[in-house]
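# Chains, contacts and geometry: an overview
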Amino acid sequence: ATPDAMEGTSASVWVENGLVIAGGVLTLGSFVSQCQKPAPYGKFDKEAGSSAGWGPGIPQRLGHIASDFIPGCIIFTLVYFLAAGADDRRDPTSDTPNIILLGFFLAHYLHRGLIHPLIMRYSSKTTPLMITVSGLIGNAIFAAAISLYLALNTYPNNYEEDARFVIGAVLFWIGYAINRWADLRLRNLRRDNPGQYVIPHGFLFDYVVNPNYFGELIEWTGARARSLAGYLEGVYVAPGR
């Protein structure tokens, strides 16, 4: 589904393009580095010496909130309303498709960046500082790029009733449900097997390596991947999955 046109000042458009380029460079660098040596996160954090050079450990919950909630909710919302509100010809709250897509993004990151860290049972209580910093920088670049893209674009009248939009919305909520279900499944598994690394089984866990991120990819196929920045972010996060 494509919008009518990108509006706004030339400076705004150039900023959006610059963010996309920065995201592309970051994506390529992340892919190459992760293929050579995975970052000390998740199961790779268990390897001896894997955290060397990544800074001191900080609370896992705090790191997760900082790297996901701040860019995914705060930066995304600020960029959208500042950019859309700068155009005197538009009311940023009246563009229904844009507000719906904004809501999709916030629904995901409110859970992923705030609720999830507060309720999840982490296998490790700490995470290296630079894992949080690198996640924060990458997420901030993509959140700003996607939010600016959304703020500068206008969609056809009643576009939220278009079959393409409806199908995308359905895909988003299917992926959202899968993502939430898999998160709760892992949380309960860690509750029942404290201190152990256990591979879950059942339903989607028998067909894909990580249903959490499989659901997330479905979400963004339906919603966020409507811009080049959205596609790049999908590639950016993939090596860490």
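Please refer to the structure higher up on the page.
Attention in this report is confined to the structure presented alongside it. (Residues numbered from 1 in each chain as written. Predicted model: local features only at pLDDT ≥ 70, side-chain atom pairs only at ≥ 80, totals over all residues. Heavy atoms only, no water.)

## Describing the environment of Phe205
Structurally, Phe205 can be placed in the loop between α5 (163-192) and α6 (211-222). Taking the C-alpha atoms as reference, Phe205 lies 9.8 Å from Arg185; in sequence the two are 20 residues apart. When neighbours within four sequence positions are excluded, Phe205 is seen to be in contact with Trp181, Ala182, Arg185, Leu186, Pro200, Pro211 and Asn212. (Helix = DSSP H or I, 4+ residues; strand = E, 2+ residues; numbered from the N terminus. Contact = heavy atoms within 4.5 Å.)

## Some remarks on unusual backbone geometry
Of note in the backbone geometry, Asn158 takes a positive phi value of approximately 60° without being a glycine. Along the polypeptide, Asn158 turns up in the loop between β4 (153-154) and α5.

## Regarding the packing of helix α2 (residues 60-85) against helix α3 (residues 96-119)
In contact at an axis separation of 8 Å, α2 and α3 are set at 160° when each is read in the N-to-C sense. Looking at the two axes, α2 sits roughly antiparallel to α3. The handedness of the crossing between α2 and α3 comes out as left-handed. When the residues that make up the contact of α2 with α3 are grouped by side-chain class, the tally is 16 nonpolar, six polar and three charged. (Axes fitted to C-alpha atoms, helices over the stretch in contact; angles between N-to-C directions. Parallel < 35°, antiparallel > 145°, perpendicular 65-115°, else oblique. Left-handed = near helix turned anticlockwise from the far one by under 90°. Nonpolar A, V, L, I, M, F, W, Y, C, P; charged D, E, K, R; others polar.)

## Brief notes about the environment of Lys125
Tracing the backbone shows Lys125 in the loop between α3 and β3 (126-128). The sequence separation of Lys125 and Arg61 amounts to 64 residues, and the corresponding C-alpha distance is 7.8 Å. Not counting residues within four places of it along the chain, the set of residues in contact with Lys125 comprises Ile58, Pro59 and Gln60.

## Some details on helix α4 (residues 129-152)
For α4, with 24 residues, the first-to-last C-alpha span of 34 Å sits near the 34 Å given by 1.5 Å per residue. Of all 24 residues in α4, 18 are buried, a share of seventy percent or more. (Expected span 1.5 Å × (residues − 1). Buried < 20%, exposed > 50% of the residue type's maximum accessible area, 1.4 Å probe, protein only.)

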